[in-house]
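# Analysis of the macromolecular model
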Amino acid sequence: MQPYKPECSRVQKVIAYHLATKHHLDHYARAPGYMEWATQPNPFRSYEGTNHIRLPFVEYDSTASYEALYDRKGHPVKPVTLENVAAFLELSLGLSAWKSTPGGSWVLRMNPSSGNLHPTEAHLLLPPLERESAGVFHYNSYFHALEPRAAIAHPVWKQMEGYFGSRGFLIALTSIFWREAWKYGERAFRYCQHDTGHALAALSLSAALLGWKVTYLHTVSDAAVRRILGFDRMKWAPLEEEQPEALCWVSPAQHGEIPRDLPEELVRTFDSLEFQGHPNRLSPEHVHWKIIDEVAEASGKPTTIRRKTPVHEEPFLKSMSIEIQAAKVIRQRRSAVSFDGATSISKDQFLSILDRTLPRIVPPFDLDLGEPHVHFLLFVHRVTGLESGLYFFIRNPEDEGQIRSLTREGFLWKQVENEFPLYQLIEGNMEEEASLVSCRQSIAGDSCFSLGMITKFLPVVEEGAYSYRHLFWETGIVGQVLYLEAEAHGIRSTGIGCFFDNEVHRILRLNDITFQSLYHFTMGGAVEDTRLQTWPPYTHLKSPGLMNT
Ligand SMILES: Cc1cc2nc3c(=O)[nH]c(=O)nc-3n(C[C@H](O)[C@H](O)[C@H](O)COP(=O)(O)O)c2cc1C
């Protein structure tokens, strides 16, 4: 393969970054190698000098079933009020629990994050709600509060709603790369992108409970997002800048066609807004990982033209009825830190979990990220009624021929069930192999199954370097569904960002970068750490001083 030179095109820079940040059996991607506690970034951004608008907490959770999360028909459409926006945010990006040991406490959120470092921030452009005028707000999840940054004149907001054709609002996700780079060094950019995907799915699923739909505005450029959020006029501390990721429109689900762009006349109106608030300082000092700046710039989103993605409207093939409330599943989602190496699930459960990840016009897959590119290489350890072994799950049939032709010749490709895209490749115990490729983490072998997300890579990135981010977002979106599925089936899962990239490719005998493994996942019977105490999520607001971080 030709070495990629960083001074080349955006596509080549993105590929160079990807290759340089692989973990190998004998060395890891460049990282500090230890944690410098004195410079640990604050996981909560606030805009100092703004007056918090404290949001109400959900008093009674929606009684909608978990099944209904994936079926838009079941949810009455709630009006866009401050109370409902608060519920939307609480069940997507809000806090989920405090954990403590005698040595300290830390807080978890509804959305997971690599290392619990939470690089993802959210900004909202809201219509006039109760006593608040329309404006640009930052969501501060620690206080469950909105920080008003700029007021939007009434006629401008009317123009916005007129353009989108419904009452609704915009939400923008941004990343602070330093938060992940502090611990993970150069590979951190990848983790920020996974986290964006998890957050997008969390928003989409939380919106579904309110009868709302989140749509990614895939034509909009990062430059436009910077302008509407006032970032182009912001003074950031070095390396603490928020970088635009995704801008979405949130509106009643049953509404007709939604534009995917934001016209220049509308963006221009934000240039004259007066923004207030200064981003808080996150760390006293930083380590500069230059390659992250390079990949961030190279994969930045330009304005692009609207594309149409083929619609997948197949019914669920393997659905099992699960008697549990959606909100309960969302609130209880956690990452397992250890598995018991004994719990098994049934074949029906396994197939139903996989089926749920197939792209369909249901949340979160109707965000409109584009054509699906993520497939699973599965290490099946404990599924009753299914032989242990290596399996492949095809999430987009368009890729099947290419995957078969690029992978090892001796694979069985034995279809497990008619009309279900799951194939056995090898029979046998894969526990050691699974842990090994996931950076020797036992969670990948002691589970019911683990998987590598084999993703179409070079042809997608060649179409536009910004697609590099989208690929990781897709893995995060699929990962969020896997997290919730595990909870709904009474087990637990964990996203795995640490894996030896080329060892996974070696199993498949992938000799080029047409496909790459971008994310791993594992699911099984969790072993709880009994040394940890759990506290309700907003204990620090109700009993100040109780939780010390
Ligand atoms: C992108 C991503 C990568 C992760 N990688 C690993 C990993 O390699 N090993 C691990 O034990 N946990 C991993 N996790 C789990 C996080 O550590 C976990 O989400 C975080 O501590 C917050 O806990 P929670 O998921 O229970 O809210 C990962 C999570 C995400 C979202």
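Residues numbered from 1 in each chain as written. Predicted model: local features only at pLDDT ≥ 70, side-chain atom pairs only at ≥ 80, totals over all residues. Heavy atoms only, no water.

### Overview of the overall build of the protein
Counting its regular elements, the protein contains 16 helices and 21 strands. A compact globule built from 549 residues would reach a C-alpha radius of gyration of about 24 Å, and the protein, at 22 Å, matches this within 12%. If you line up the protein on its principal axes, its C-alpha atoms span 65 × 55 × 55 Å. Considering the protein as a whole, with its 549 residues, one finds that 61% of them fall into the buried category. Surface summary for the protein: the accessible area is close to 21,600 Å², and the carbon and sulfur share equals 51%. Each charge class in the protein can be summarised by its mean position, and for the 54 positive and 65 negative side chains these summaries are 2 Å apart. (Helix = DSSP H or I, 4+ residues; strand = E, 2+ residues; numbered from the N terminus. Rg over C-alpha atoms; globule rule 2.2 N^0.38 Å. Buried < 20%, exposed > 50% of the residue type's maximum accessible area, 1.4 Å probe, protein only. Areas by Shrake-Rupley, 256 points an atom, 1.4 Å probe, with all protein chains shown as cover. Lys, Arg positive; Asp, Glu negative; His and termini not counted. Charge placed at Lys NZ, Arg CZ, Asp CG, Glu CD.)

### Remarks on the packing of aromatic side chains
Applying the stated criterion to the full structure yields 27 aromatic pairs. Centroid distance tyrosine 28 to phenylalanine 500: 5.6 Å. Interplanar angle 50°. Geometry classified as tilted. With a gap of 472 residues between them, tyrosine 28 in the loop between helix 1 (10–20) and strand 1 (47–48) and phenylalanine 500 in the loop between strand 19 (492–496) and helix 15 (501–508) connect regions that are remote in the sequence. The buried category is assigned to phenylalanine 500, whose relative accessible area is 0%. (Phe/Tyr/Trp six-rings, centres within 6.5 Å; stacked < 30°, edge-to-face > 60°.)

### Some thoughts on the state of the cysteines
This structure, assessed with the given rule, holds one disulfide. Cysteine cysteine 248 shares no disulfide, and the gap to the nearest cysteine sulfur, in cysteine 192, comes to 17 Å. Looking at cysteine 248, the relative accessible area reads 1%, which means it is buried. (Disulfide = S-S within 2.5 Å.)

### Section: the site of the ligand
For the ligand, the set of nearby residues contains 22 residues, the closest of which are Arg333, Ser335, Gln441, Gly495 and Gly497. With respect to the ligand, the side chain of arginine 333 contributes an N or O atom lying 2.8 Å from an oxygen atom. The separation between an oxygen atom of the ligand and a polar main-chain atom of cysteine 498 is 3.4 Å. Starting from 620 Å² of accessible surface for the ligand in isolation, the protein chains cover 85%. Secondary-structure elements contributing two or more residues to the shell around the ligand are strand 4 (104–109), helix 5 (188–209) and strand 19. A per-class count over the shell around the ligand returns seven nonpolar, eleven polar and four charged. (Near = heavy atom within 4 Å. Polar contact = N/O pair within 3.5 Å; in protein donor to acceptor, adjacent residues only side chain to side chain. Nonpolar A, V, L, I, M, F, W, Y, C, P; charged D, E, K, R; others polar.)

### Let's talk about the domain arrangement of the protein
For the protein, the assigned domains read domain 1 (35–298) and domain 2 (326–524). Using C-alpha coordinates to define each centre, domain 1 is positioned 27 Å away from domain 2. The partner domain 2 presents 38 residues to the 48 residues of domain 1 that form the contact. Regarding the contact of domain 1 and domain 2, the summed buried area is about 3,800 Å², with carbon and sulfur atoms giving 57% of it. Of all residues in domain 1, Tyr66, Tyr70 and His194 give up the largest surface area on contact with domain 2, accounting jointly for 19% of the area buried on that side. Inspection of the domain 1/domain 2 interface yields seven salt bridges. Notably, a salt bridge pairs aspartate 61 with arginine 331, separated by 2.8 Å at the nearest N-O pair. (Domains from an automatic or database assignment. Contact = heavy atoms within 4.5 Å. Buried area = accessible area lost by both parts, 1.4 Å probe. Salt bridge = Lys/Arg side-chain N within 4 Å of Asp/Glu carboxyl O.)

### Some words on the side chain of serine 46
If you trace the backbone, serine 46 turns up in the loop between helix 1 and strand 1. Taking relative accessible area as the criterion, serine 46 reaches 17% and is therefore assigned buried. Not counting residues within four places of it along the chain, the set of residues in contact with serine 46 comprises His138, Asn140, Glu147, His278, Pro279 and Asn280.

### A closer look at the pairing of strand 16 (residues 414–417)
As judged from the three bridges shared by strand 16 and strand 17 (residues 420–427), these two strands associate in the antiparallel manner. Residue pairing across strands places lysine 414 opposite glutamine 424, the latter belonging to strand 17. Connecting strand 16 to the antiparallel partner strand 17 that follows it, the hairpin turn spans two residues, and glutamate 419 within it adopts a positive phi of roughly 55°. (Pairing = 2+ DSSP bridges.)

### Notes on the nonpolar core
In this structure, Phe88, Leu146, Phe350, Phe376, Leu378 and Leu422 are the most contacted members of the largest nonpolar core, which totals 89 residues. In terms of residues, this core owes the most to one element, helix 14 (residues 467–488), which gives nine residues. Two domains share this core, each providing at least three of its residues, namely domain 1 (35–298) and domain 2 (326–524). Those residues within four positions of phenylalanine 376 in sequence are excluded, and the remaining contacts are Leu354, Thr357, Tyr391, Phe392, Phe393, Arg395, Leu451, Gly452, Met453, Val478 and Leu482. Grouped together as the second largest cluster of nonpolar side chains are 30 residues, Trp178, Trp289, Val461 and Leu471 included. (Core = buried A, V, L, I, M, F, W, Y, C linked by side-chain atoms within 4.5 Å.)

### Focus on the packing of helix 1 against helix 8 (residues 290–298)
Running from amino to carboxyl end, helix 1 crosses helix 8 at an angle of 140°, the nearest separation of the two axes being 9 Å. By the angle class used here, helix 1 and helix 8 are oblique. For the crossing formed where helix 1 meets helix 8, the hand is left-handed. Of the residues in helix 8, those in contact with Arg10, Lys13, Val14, Tyr17 and Ala20 of helix 1 are Ile291, Val295, Glu297 and Ala298. (Axes fitted to C-alpha atoms, helices over the stretch in contact; angles between N-to-C directions. Parallel < 35°, antiparallel > 145°, perpendicular 65-115°, else oblique. Left-handed = near helix turned anticlockwise from the far one by under 90°.)

### Here we look at helix 4 (residues 177–184)
Burial analysis of helix 4 places six of its eight residues in the buried class, the great majority of the element. Along helix 4, the residues classified as buried are Phe177, Trp178, Arg179, Glu180, Ala181 and Trp182. Contacts made by the buried residues of helix 4 are with strand 5 (120–126), strand 8 (169–175), helix 5, strand 10 (243–252) and helix 8. Remark: glycine 185 follows helix 4 within two positions and exhibits a positive phi of approximately 60°.

### So, the packing of helix 2 (residues 82–93) against helix 5
The contact between helix 2 and helix 5 brings their axes to 8 Å, and the two run at 140°. Taken together, helix 2 and helix 5 sit at an angle that is classed as oblique. For the pair helix 2 and helix 5, the sense of crossing is right-handed. Where helix 2 abuts helix 5, its residues Ala87, Phe88, Leu91, Ser92 and Leu93 lie against Ala199, Ala202, Leu203, Ser206, Ala207 and Leu209.

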